[in-house]
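Given next are the chains, with one letter for each unit.
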Amino acid sequence: TATAGEGAAPRARPKAEVLHATLPAGARWAPRVGADASCTLYCREGRVEVPGPAGSLTLKAGESCSFAPGRGVDAVACSNPAGREADVLLLAGE
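Note that the structure is a prediction, hence the values are computed from the model and not measured.

### Focus: the pairing of strand β3 (residues 38-45)
Then, in step 1: Examined bridge by bridge, β3 and strand β8 (residues 86-93) share 7 bridges and lie antiparallel to one another. Opposite Tyr 42, over in β8, you have Leu 89 as the bridge partner.

Here you go:
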């Protein structure tokens, strides 16, 4: 990191964004993120199912999971199989 007077440009920070979704019962959410982005999905309320290489993972309120870079562009997804709404946040960075 540059300090005042050094004349060096500070390092550019990678692009990052936070996406929010409320999923009614039976809904699926598949946000478009870059295939090389690393992502973390956090379940704020309810529960969601996340597809994975070893089968589905169920996230309950307060739990999270990560998606590694290099997967397909549609690989970041979750669905709400429960009878009530689910609320999720996705942090995606390159």
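### Section: the sheet that holds β8
Note on sheets: strands pair through backbone hydrogen bonds, and any given pair is parallel or antiparallel.
Then, in step 1: Taken together, the 4 strands give an open sheet; going across it, the order is β1-β8-β3-β6, and neighbouring strands pair in antiparallel fashion. The sheet is open, and its two edges are formed by β1 (16-23) and β6 (64-67), each paired on a single side. Ignoring which end each strand starts from, the neighbouring axes of this sheet average 20° apart.

### What about the pattern of salt bridges?
Then, in step 1: For the structure on display, the rule yields 1 salt bridge.
Then, in step 2: For Arg 44, the salt bridge goes to Asp 87, with nearest N and O atoms at 2.5 Å. Of this pair, Arg 44 sits in strand β3 while Asp 87 sits in strand β8; the two residues are 43 residues apart in sequence, bridging distant segments of the chain.
Then, in step 3: We classify Arg 44 as partly exposed; its relative accessible area is 40%.
Then, in step 4: Classification of Asp 87 by relative accessible area gives buried; the value is 7%.

### Regarding the state of the cysteines
Then, in step 1: Following the criterion strictly, the structure yields 0 disulfides and no others.
Then, in step 2: Counting only cysteine sulfurs, Cys 78 is the nearest neighbor of Cys 65, a cysteine outside any disulfide, at a range of 8.4 Å.
Then, in step 3: Cys 65 sits in the buried class, given a relative accessible area of 11%.
Then, in step 4: In this structure Cys 78 is a free cysteine whose sulfur lies 8.1 Å from that of Cys 43, the closest cysteine sulfur available.

### Regarding the pairing of β6
Then, in step 1: Burial of the side chains of β6 is restricted to one face: Cys 65 and Phe 67 are buried, whereas none of Ser 64 and Ser 66 on the reverse face is.
Then, in step 2: Taken together, the 4 bridges between β3 and β6 define a ladder with antiparallel strand orientation. Pairing of Tyr 42 across the sheet is with Ser 64, part of β6.

### Side note on the environment of Arg 84
Then, in step 1: The topology assignment puts Arg 84 in the loop between β7 (78-79) and β8.
Then, in step 2: Overall, Arg 84 belongs to the exposed group, its relative accessible area being 55%.
Then, in step 3: Measuring from C-alpha to C-alpha, the distance between Arg 84 and Pro 24 comes to 6.5 Å, with 60 residues separating the pair along the chain.
Then, in step 4: Discounting chain neighbours no more than four positions away, the residues touching Arg 84 are Leu 23, Ala 25, Glu 45 and Gly 46.

### Focus: the nonpolar core
Then, in step 1: In terms of nonpolar packing, the biggest core is built from 20 residues, with Trp 29, Cys 39, Leu 41, Val 48, Val 50, Cys 78 and Val 88 touching the most fellow members.
Then, in step 2: For this core, the secondary-structure elements that each account for two or more residues are β1, β3, β4 (47-50), β6 and β8.
Then, in step 3: The leading source of residues in this core is β8, at 4 residues.

Conventions adopted
- Residues numbered from 1 in each chain as written.
- Predicted model: local features only at pLDDT ≥ 70, side-chain atom pairs only at ≥ 80, totals over all residues.
- Heavy atoms only, no water.
- Pairing = 2+ DSSP bridges.
- Helix = DSSP H or I, 4+ residues; strand = E, 2+ residues; numbered from the N terminus.
- Axes fitted to C-alpha atoms, helices over the stretch in contact; angles between N-to-C directions.
- Salt bridge = Lys/Arg side-chain N within 4 Å of Asp/Glu carboxyl O.
- Buried < 20%, exposed > 50% of the residue type's maximum accessible area, 1.4 Å probe, protein only.
- Disulfide = S-S within 2.5 Å.
- Contact = heavy atoms within 4.5 Å.
- Core = buried A, V, L, I, M, F, W, Y, C linked by side-chain atoms within 4.5 Å.

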